[in-house]
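Each chain is listed here by its residues.
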Amino acid sequence: MTQTRRQFLKTTALATATLSLATTGSAFAQSVNEEELLKPGPLGDKILGEENAPVTIVEYASMTCGHCANFHKTTWPELKKQYIETGKVRFIFREFPLDPVAAAAFMLARCAPQDKYFEIVDIMFDSQRSWAFTDNPYQSLLDFSKQIGFTQESFEECLTNQGLLDAVNAVKDRGANEFGVNSTPTFFINGEKHSGALSIENMGKIIEENL
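Analysis parameters
- Residues numbered from 1 in each chain as written.
- Predicted model: local features only at pLDDT ≥ 70, side-chain atom pairs only at ≥ 80, totals over all residues.
- Heavy atoms only, no water.
- Buried < 20%, exposed > 50% of the residue type's maximum accessible area, 1.4 Å probe, protein only.
- Helix = DSSP H or I, 4+ residues; strand = E, 2+ residues; numbered from the N terminus.
- Pairing = 2+ DSSP bridges.
- Disulfide = S-S within 2.5 Å.
- Polar contact = N/O pair within 3.5 Å; in protein donor to acceptor, adjacent residues only side chain to side chain.
- Contact = heavy atoms within 4.5 Å.
- Axes fitted to C-alpha atoms, helices over the stretch in contact; angles between N-to-C directions.
- Left-handed = near helix turned anticlockwise from the far one by under 90°.
- Nonpolar A, V, L, I, M, F, W, Y, C, P; charged D, E, K, R; others polar.

Examining the pairing of strand β4 (residues 89-95)
Successive side chains on a regular strand alternate, one facing one side of the sheet and the next facing the other.
Reasoning step 1: A large share of β4 lies buried, amounting to seven of its seven residues.
Reasoning step 2: Judged by which residues are buried, β4 turns out to be covered on both faces: V89, F91, F93 and E95 on one side and R90, I92 and R94 on the other are all buried.
Reasoning step 3: Here three bridges tie strand β2 (residues 46-48) to β4, and the two strands are oriented antiparallel to one another. Within the sheet, the bridge partner assigned to L48 lies in β4 and is F91.
Reasoning step 4: In this sheet, β4 lies alongside strand β3 (residues 55-61) in parallel orientation, the contact comprising seven bridges. In the sheet register, V58 faces β4, and the bridge partner there is I92.

This is the structure we're talking about:
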C-alpha cells in the first residue's frame with residue numbers, strides 16, 4: 001500500500017501544529033510551578049530513575065527534531081550513566097510533536113510494549129534520517145515499525161487511534177500553554193526551564209548545583 005504524504009496526513013488524522021525548532025543555546029532560565037509540572041498527562045509519564053532522586057528533569061521533545069536527536073545521541077548516554085543510574089536524577093520524557101510525522105512516531109512508541117518505550121525512542125532518534133525526512137512518510141514509518149515488532153495491521157490500528165492522538169497532543173498543548181514550551185528540546189531541571197540541546201557539561205553543571 002503506497003500513500004503520498006498528503007494522503008498519509010489525511011488518513012491518519014495527524015493534524016498537529018508545526019512549531020519552530022529550537023536553537024542550540026539556552027535562553028534566560030525561568031521557573032515554573034514544579035508541583036503542576038510533575039502532574040502526569042492522560043497517558044501517564046515515561047520515567048527513568050529513582051523516585052526520590054534529588055533532581056528531576058522533564059524533557060519535552062519531538063521525534064523529528066534534529067536537536068533532540070543530537071541530544072539523545074551525545075548527551076543522553078552520559079546523563080543516564082552519570083546521573084540517572086546513580087540515583088541523582090529522575091528523568092521524565094514527554095511528547096511534544098512538532099509535526100504529524102513526529103506525532104505518528106510517538107503513537108507507535110506508545111503502542112509498543114510499555115517496557116520498550118525508551119528503547120524504541122532511542123532507536124527512532126538514532127535512525128531519524130531514515131524515516132523522518134522522506135517523500136513517503138507512511139511507507140518509511142511502516143518499514144521502520146516492522147523492525148520493532150509491528151505488522152501492517154497493528155501499525156494502521158495504532159495510527160488511526162484518535163484517542164491516542166488526542167492524548168499525545170494534550171501533552172504537547174499543556175506543555176505549550178501552561179509551561180511555555182515553544183521549541184524542542186526543552187528541559188525543566190527542578191522546575192527551571194532550559195531550552196536547547198544541552199551538552200553533558202552544561203547539564204551536569206546545572207544538576208550539580210541542585211544536588
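Structural notes on the state of the cysteines
Reasoning step 1: In the structure shown here, the tally under the stated rule is one disulfide.
Reasoning step 2: Through a disulfide, C111 is tied to C158; the S-S separation comes to 2.1 Å. Between C111 and C158 the disulfide shows an S-S torsion of about 95°. By sign, it is right-handed. Of this pair, C111 sits in helix α4 (residues 100-111) while C158 sits in helix α8 (residues 152-159), placing them 47 residues apart in sequence.
Reasoning step 3: Taking relative accessible area as the criterion, C111 reaches 35% and is therefore assigned partly exposed.
Reasoning step 4: Among the residues examined, C158 registers a relative accessible area of 3% and is labelled buried.

Some remarks on the side chain of E95
Reasoning step 1: With respect to the secondary-structure elements, E95 resides in strand β4.
Reasoning step 2: A distance of 2.6 Å separates polar atoms of two side chains, one belonging to E95 and the other to R110.
Reasoning step 3: Polar contacts involving the side chain of E95 include one to the side chain of Y117, which spans 3.1 Å.
Reasoning step 4: Apart from residues no more than four positions distant in its own chain, E95 is found in contact with Y60, A61, F106, R110, Y117, V168, V171 and K172.

Remarks on the environment of K73
Reasoning step 1: Residue placement: K73 occurs in helix α3 (residues 66-84).
Reasoning step 2: For K73, a relative accessible area of 45% gives the class partly exposed.
Reasoning step 3: Residues K73 and D126 lie 53 residues apart in sequence; the distance between their C-alpha atoms is 6.8 Å.

Here's the deal with the packing of α4 against helix α5 (residues 117-126)
Reasoning step 1: Following both chains from N to C, one finds α4 and α5 inclined at 150°, their axes separated by 9 Å at the closest point. Where α4 crosses over α5, the two elements pack in a sense that is right-handed. In contact with A105, F106, L108, A109 and R110 of α4, α5 contributes Y117, I120, V121 and M124.
Reasoning step 2: Its residues assigned to classes, the contact of α4 with α5 shows eight nonpolar, no polar and one charged.

Quick look at the packing of α3 against helix α10 (residues 200-210)
Reasoning step 1: The contact between α3 and α10 brings their axes to 10 Å, and the two run at 35°. You can see that α3 and α10 cross each other, and the crossing is right-handed. Within the contact between the two elements, α3 uses F71, T75, E78, L79, Q82 and Y83 and α10 uses I200, M203, G204, I207 and E208.
Reasoning step 2: Of the residues in the contact of α3 with α10, the class split is six nonpolar, three polar and two charged.

Topic: the sheet that holds β4
Pairing between the strands of a sheet comes from backbone hydrogen bonds, and it takes one of two forms, parallel or antiparallel.
Reasoning step 1: Spatial strand order, β1-β6-β5-β3-β4-β2: six strands in an open sheet with mixed pairing. Each edge of the open sheet carries a strand with a single partner, namely β1 (30-31) and β2.
Reasoning step 2: Summarising the sheet, β1 and strand β6 (residues 192-195) pair through two bridges and their orientation is antiparallel. Counterpart to Q30 in the pairing with β6 is K193.
Reasoning step 3: Packing against the sheet, helix α9 (residues 162-179) makes contact with β3, β4, β5 (186-189) and β6, and its axis sits at approximately 110° to β4.

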